[in-house]
There are 2 protein chains.
Amino acid sequence: MEKEDNFSDWYLEIVEKAGMSDKRYPIKGMNVWTPYGWKAMKHIDEFIRKELDATGHDEVCFPLMIPETEFKKEKDHIKGFDSEVYWVTHAGLNELDVRLVLRPTSETAMYPMFALWIRSHQDLPLKIYQIVNVFRYETKQTRAFMRVREIHFFESHTCHVSEEDAQRQIEEDTEILSKVAKRLCLPYFLSVRTEWDKFPGAYYTVGIDTVMPNGKTLQMGSIHHYRTNFSIPYEITYEDDKGEHKHVHQTTYGMSERLLGGIIGVHSDDKGLIMPPDIAPFQAVIIPIQSKDNGAMVAEAARSLASKLTEHGIRVKVDDRDIRPGSKYYDWEIKGVPLRLELGGRDIDNKVVTFARRDTGEKGTIDISTVGSGVDLILKMISSTLLERAKKIQMSRVSEISSLDDIPEDKVLKLGWCGCEECGHAFEDKTEMKILGKPYPKEKGYKGKCIICGKETDEYTLAARTM
Amino acid sequence: MEKEDNFSDWYLEIVEKAGMSDKRYPIKGMNVWTPYGWKAMKHIDEFIRKELDATGHDEVCFPLMIPETEFKKEKDHIKGFDSEVYWVTHAGLNELDVRLVLRPTSETAMYPMFALWIRSHQDLPLKIYQIVNVFRYETKQTRAFMRVREIHFFESHTCHVSEEDAQRQIEEDTEILSKVAKRLCLPYFLSVRTEWDKFPGAYYTVGIDTVMPNGKTLQMGSIHHYRTNFSIPYEITYEDDKGEHKHVHQTTYGMSERLLGGIIGVHSDDKGLIMPPDIAPFQAVIIPIQSKDNGAMVAEAARSLASKLTEHGIRVKVDDRDIRPGSKYYDWEIKGVPLRLELGGRDIDNKVVTFARRDTGEKGTIDISTVGSGVDLILKMISSTLLERAKKIQMSRVSEISSLDDIPEDKVLKLGWCGCEECGHAFEDKTEMKILGKPYPKEKGYKGKCIICGKETDEYTLAARTM
């Protein structure tokens, strides 16, 4: 199965063969997180949690269900979700008086409580987040991690005294993103979504996209500035230092398990997954290479090597199954373990262990005496190689165009757009592509003309086919 | 508000004042986990995760919803949950063909997948767990952590080649419980539930109970042996080493946020919560005692003390609010921070910090030069004091009776029961108490007579009013 030629089939095969997720659960689009996939996802959660905690966000957990009455308070918002929420109508043997929505996102669950929690400017900023599953009734074809109906998700919600303070939160969110993405070795674009594509109820939305091998983009998350669009209907106000009552300005930031879909799409190859070391459930696998007379000795050395690495904080697995080493290599290549360590009689005599990198195939030996720091160093090199390689590939997948006649099939487009809705729709209709938006933050130095009306513009726009 | 006199009111007031949970969410029995309560719960999760991982359980995450068709495969099970599940009947604008249940527990979600995952005896034992929220439509009065409709919960599920192997799993579960409960400073009883009170579908159920100050017991979790009661309807079979196909034997083990309810009930006092140090969001709070001339110096010393303690792995908070120290003491007593550290000019001169223990009120000083290990030691002493004290109180709340005429009002009863259903029902009807069951594992040395029929028995039985 080849990644570049038929990305969709390749992706599904890899997810299945690597045991990342089981889609045989009897509800379409609701997959089982297997131990291997869940471990990787939880490392991602951990990085997000760390950055949010470090920036003064408090973790909470809100109820899953939202009464229809609360859900419908912000009109644009409900319009956006009308056709894709699950409804609980009965409990036990009773029909409920008020139907309950399974959260597709938690604005309408949280904001009635924010109205109770916030009294004065001293309660601001309020910065909270939760890591939960959300529910969307997808009607398009589902695909593990990329388009599912139960979605693992983090969402942070903040309230501020002013639009400017909320704007500073958006900057902080992009810094958090940059730190998390680095650990995942994931390049991305930040684009200000068009008016007709922004989040229902938002003032503006910044989309976080990455490019797949088929040239389509995958949106992994988004950051929203709400101004007072929610605080007015939900009556979230504070008393400022002059005793005046004002509505808070709000932001949200969310990313989902699509991060994992993005990682699989970006890094893996025809042999299988390549796990970025920081999220790999096992960062190194030890394969004992045993002969007839040294079996017990090699097994013992493998166990001792594993303890050393564990002590060094490295997640390691000894594969002591009774099958040929070659079959083990094959299995762990599919699962994308970043580093393979082979340990045989000759290695032991030479006081080394032989390694093979999953990302480059490079082989060599590490001295046993300094194996912890040696493995650590190679894992860091793998992370940096993966990120650099992915950045180059992302750049190579962007193509600048100046006319609608020369649109490449498998590229993200960089083009001039005046920004008006008419030209935007005209472009999308003609190309059947989606405008991702202008870069966030604003980039200088571009000079171009709107591809539809010809008007000059100093900001480029990205457009793409989307996953 | 006094704990002993009116436990129910005291409990609700403490939960609210300490900011552990917010029950003003617009669905009754679905409360918001506030940062303080959620931090404590996540420490509990962490201890459970650690013990389950160490005993070879793999963490997974199954979908929330279960198709009605799967849910109804095990007859006794559905009967038990019929009146207390939430039903999703619509998605988007469509009515669903098959209604979906929000999991009240995940047997019926997991077992169709187990049937796919297990092929041979080499796949066994299968040991998995998840930490998720489950949903039960409680009709009784709800109470934070103790009786809610969205319940934070861990559930482990295991499959084994034989009944004996499943039995060994139950022993392992009780060892895990003992380790976790020690960290929570929680005493408990293990009782084999009566036939009419066991989990729907179980072969037998061991209940995990603790006693509240009003003498009522709170069930915090349970361990179940299923034999093949689920593997037959869900067709979970394996091929043994002789090529024969057999049904697996199963167990489950679950505990919920009631652990936190139990902790609050057992340890707190009229001043507020007392957090066991291992789950305390803040293990120590530093109160700077500032005078007019030393404000900045004391503030700086407080920050430096906090860094030292953080480096030592202690969760610490500096309370630098601009209010009187006395008000701070009061607030942190309600919140149950185990150790208060007061730092004033004289302390700094003497190179010490003054401490006050939340559990005993004891005061003293710790040398700044060894403050990390000093605080650590006191926290350990607090844990051990809390556990010993709670064990003594639990014992004092058990009263042995030999006749139905002398039943104390606020005690757990220890009595003789022959074990037959008729006498059991007679006892429950006459006393309006519930039989918790005979001790697990079996205890020797008791000699008594059935309180109803007078037949001799060598095992005692516990009975109680329940929360």
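Definitions and limits used
- Residues numbered from 1 in each chain as written.
- Chains lettered and ligands numbered in written order.
- Predicted model: local features only at pLDDT ≥ 70, side-chain atom pairs only at ≥ 80, totals over all residues.
- Heavy atoms only, no water.
- UniProt positions renumbered as here; feature names shortened; annotations may be inferred.
- Helix = DSSP H or I, 4+ residues; strand = E, 2+ residues; numbered from the N terminus.
- Rg over C-alpha atoms; globule rule 2.2 N^0.38 Å.
- Contact = heavy atoms within 4.5 Å.
- Pairing = 2+ DSSP bridges.
- Axes fitted to C-alpha atoms, helices over the stretch in contact; angles between N-to-C directions.
- Buried area = accessible area lost by both parts, 1.4 Å probe.
- Salt bridge = Lys/Arg side-chain N within 4 Å of Asp/Glu carboxyl O.
- Polar contact = N/O pair within 3.5 Å; in protein donor to acceptor, adjacent residues only side chain to side chain.
- Nonpolar A, V, L, I, M, F, W, Y, C, P; charged D, E, K, R; others polar.
- Phe/Tyr/Trp six-rings, centres within 6.5 Å; stacked < 30°, edge-to-face > 60°.
- Buried < 20%, exposed > 50% of the residue type's maximum accessible area, 1.4 Å probe, protein only.
- Lys NZ or Arg CZ within 6 Å of the ring centre and 35° of its normal.
- Parallel < 35°, antiparallel > 145°, perpendicular 65-115°, else oblique.
- Left-handed = near helix turned anticlockwise from the far one by under 90°.
- Least-squares fit on C-alpha atoms with pLDDT ≥ 70 in both.

Chain A has the name Proline--tRNA ligase in an unreviewed UniProt entry, where Candidatus Methanoplasma termitum is given as its organism. As recorded by UniProt, the Subcellular location (unreviewed entry) comment attached to chain A reads in full: "Cytoplasm". Regarding chain A, the relevant UniProt record gives this comment under Catalytic activity (unreviewed entry): "tRNA(Pro) + L-proline + ATP = L-prolyl-tRNA(Pro) + AMP + diphosphate".

Visitor: I'd like a rundown of the overall build of chain A, residues and numbers included.
Guide: Across its full length, chain A holds 12 helices and 25 strands. For a compact globule of 467 residues, the expected C-alpha radius of gyration is about 23 Å, and chain A comes in at 25 Å, within 12% of that figure. If you line up chain A on its principal axes, its C-alpha atoms span 80 × 60 × 50 Å. Summarising the internal contacts of chain A: among those between residues at least 6 apart in sequence, 69% fall at separations of at least 24.

Visitor: Outline the sheet that holds strand β7 (residues 126–135) of chain B, supporting the account with residue identities and numerical values.
Guide: Residue and element names in this part refer to chain B. In spatial order, the strands read β3-β7-β8-β14-β11-β10-β9-β22-β25-β21-β20; together these 11 strands make up an open sheet with mixed pairing. The open sheet is flanked by β3 (58–59) and β20 (398–400), the only strands paired with a single partner. Bridge count for β7 against strand β8 (residues 150–160) is 10 bridges, and the pairing is antiparallel. Looking at β8, one finds that Gln-130 is bridged to Glu-155. Contacts between helix α7 (residues 258–267) and the sheet are confined to β10 (204–211), β11 (217–227) and β14 (249–256), with β11 contributing the most and set at about 145° to the helix. Of the strands in this sheet, β9 (189–192), β10 and β20 are in contact with helix α11 (residues 371–396), which crosses β20 at around 35°.

Visitor: Give me the lowdown on the interface of chain B and chain A, citing residues and values where you can.
Guide: At the junction of the two partners, chain B supplies 49 residues and chain A supplies 49 residues. Between chain B and chain A the total buried area reaches about 4,300 Å² when both faces are included, carbon and sulfur atoms providing 66% of it. Taken together, chain B and chain A are joined by four salt bridges. Counting across the chain B and chain A interface gives 22 residue pairs in polar contact (both at pLDDT 80 or more). Elements represented by at least two residues in the side of chain B that touches chain A include exactly β2 (32–33), α2 (35–54), β3, β4 (65–67), β5 (86–91), β6 (94–102), α5 (107–117) and β7 of chain B. At six residues, the largest contribution of residues to the side of chain B that touches chain A is made by β5 of chain B. Here the residues of the side of chain B that touches chain A are counted per class, giving 30 nonpolar, eight polar and 11 charged. In terms of strand pairing, strand β5 (residues 86–91) of chain A meets β5 of chain B through five bridges, oriented antiparallel. The residue bridging Ala-91 of chain A from the neighbouring strand is Tyr-86 of chain B, located in β5 of chain B.

Visitor: Now, about the environment of Asp-240 of chain B: what can you tell me, with residues and values included?
Guide: All names here are of chain B. As for its placement among the helices and strands, Asp-240 is situated in the loop between β12 (237–239) and β13 (245–247). Sequence separation between Asp-240 and Glu-138 is 102 residues; the distance between their C-alpha atoms is 43 Å. In this structure the side chain of Asp-240 is engaged in a polar contact, spanning 2.9 Å, whose partner is the backbone nitrogen of Lys-242.

Visitor: Before we move on, could you go through the packing of aromatic side chains and cite the residues and values that matter?
Guide: Under the definition given, this model contains 39 aromatic pairs over all chains. Relative to Phe-230 of chain A, the ring of Tyr-226 of chain A lies with its centre 4.6 Å away and its plane at 45°, an arrangement referred to as tilted. Neither residue differs from the other here; Tyr-226 of chain A and Phe-230 of chain A are each classed as buried. Taking the centre distance of 5.9 Å and the plane angle of 65° together, the rings of Phe-81 of chain B and Phe-199 of chain B count as edge-to-face. Taken as a pair, Phe-81 of chain B in helix α4 (residues 75–81) and Phe-199 of chain B in the loop between β9 and β10 lie far apart in primary sequence, 118 residues in all. Phe-81 of chain B gets classed as buried once you look at its relative accessible area, which sits at 4%. Exposure remark for Phe-199 of chain B: the relative accessible area of 12% places this residue in the buried category. We note Lys-335 of chain B situated over the ring of Tyr-36 of chain B; from NZ or CZ to the ring centre the distance is 4.3 Å. The side chain of Arg-340 of chain B reaches across the aromatic face of Tyr-329 of chain B, ending 3.7 Å from its centre.

Visitor: Could you give an account of the packing of helix α2 (residues 35–54) of chain A against helix α6 (residues 163–184) of chain A, with specific residues and numbers?
Guide: Packed helix pairs are characterised by how far apart their axes lie and by the angle those axes make with each other. Residue and element names in this part refer to chain A. Their axes nearest at 10 Å, the elements α2 and α6 cross at an angle of 150°. Relative to α6, the element α2 lies roughly antiparallel. Relative to α6, α2 is oriented so that their crossing is right-handed. For the pair α2 and α6, contact is made by Ile-44, Phe-47, Ile-48, Lys-50, Glu-51 and Leu-52 and by Ile-176, Lys-179, Val-180, Arg-183 and Leu-184, respectively.

Visitor: How would you sum up the relation of the copies chain B and chain A? Please name residues and give values.
Guide: Rotating chain B by 180° and moving it 0.0 Å along the rotation axis overlays it on chain A with an RMSD of 0.0 Å. Here the two chains are linked by the operation of a two-fold rotation axis. Judged by C-alpha distance, Val-88 of chain B is the residue of chain B that lies nearest the rotation axis, at 2.1 Å. Here 100% of the interface residues in chain B have copies in chain A that are interface residues too; the copies meet face to matching face.

Visitor: Residue-level account of the UniProt feature "domain: Aminoacyl-transfer RNA synthetases class-II family profile" (unreviewed entry) in chain A, with values.
Guide: Residues annotated by UniProt as "domain: Aminoacyl-transfer RNA synthetases class-II family profile" (unreviewed entry) correspond here to residues 9–276 of chain A. Annotated as residues 9–276 of chain A, this span is 31% helix and 31% strand, and its ends, taken at the C-alpha atoms, are 22 Å apart.

Visitor: Could you give an account of helix α7 (residues 258–267) of chain A, naming the residues involved and the relevant values?
Guide: Extensive coverage of α7 of chain A is indicated by the burial of 10 of its 10 residues. Those residues of α7 of chain A that fall on the buried side of the exposure criterion are Arg-258, Leu-259, Leu-260, Gly-261, Gly-262, Ile-263, Ile-264, Gly-265, Val-266 and His-267 of chain A.

Visitor: Hey, could you go over the environment of Phe-71 of chain B for me, with residue numbers and the actual values?
Guide: Residue and element names in this part refer to chain B. Within the secondary structure layout, Phe-71 lies in helix α3 (residues 68–71). Distance in space between the C-alpha atoms of Phe-71 and Thr-228 is 17 Å, their sequence separation being 157 residues. Setting aside residues no more than four positions away along its own chain, Phe-71 makes contact with Ile-66, Ile-78, Phe-81, Val-85, Val-101, Pro-104, Thr-108 and Tyr-234.

Visitor: For the pairing of strand β19 (residues 363–367) of chain B, give the residues involved together with the corresponding values.
Guide: Looking along a regular strand, one sees side chains alternate from face to face of the sheet. Residues and elements named next belong to chain B. Pairing between strand β18 (residues 352–357) and β19: five bridges, direction antiparallel. Counted as the bridge partner of Val-352 is Asp-367 from β19. The turn joining β18 and β19, which pair antiparallel and follow one another in sequence, is formed by five residues; a positive phi near 80° is taken by Gly-361.

Visitor: Could you give an account of the side chain of Thr-34 of chain A, naming the residues involved and the relevant values?
Guide: Position of Thr-34 of chain A relative to the elements: it lies in the loop between β2 (32–33) and α2. Thr-34 of chain A sits in the buried class, given a relative accessible area of 10%. Excluding anything up to four places from it in sequence, Thr-34 of chain A contacts Gly-19, Met-20, Ser-21 and Asp-22 of chain A together with Glu-59 and Val-60 of chain B.

Visitor: Hey, could you go over unusual backbone geometry for me, with residue numbers and the actual values?
Guide: Residue and element names in this part refer to chain A. Omega for the bond connecting Leu-124 with Pro-125 falls within 30 degrees of zero, at -5°, which places this linkage in the cis form. Mapped onto the fold, Pro-125 is located in the loop between α5 (107–117) and β7 (126–135). With a phi angle near 50°, Arg-227 is a residue other than glycine that sits in the positive phi range. A relative accessible area of 31% means that Arg-227 is categorised as partly exposed. We note that Glu-235 has phi near 50°; this positive angle belongs to a residue other than glycine. Examined against the element boundaries, Glu-235 turns out to sit in the loop between β11 (217–227) and β12 (237–239).

Visitor: Explain the pairing of strand β9 (residues 189–192) of chain A residue by residue, including any values.
Guide: Residues and elements named next belong to chain A. In terms of strand pairing, β9 meets strand β10 (residues 204–211) through four bridges, oriented antiparallel. Counterpart to Phe-189 in the pairing with β10 is Asp-209. Relative to strand β22 (residues 434–439), β9 is paired through two bridges, and the arrangement is antiparallel. Each residue of the ladder has a partner; that of Val-192, found in β22, is Lys-438.

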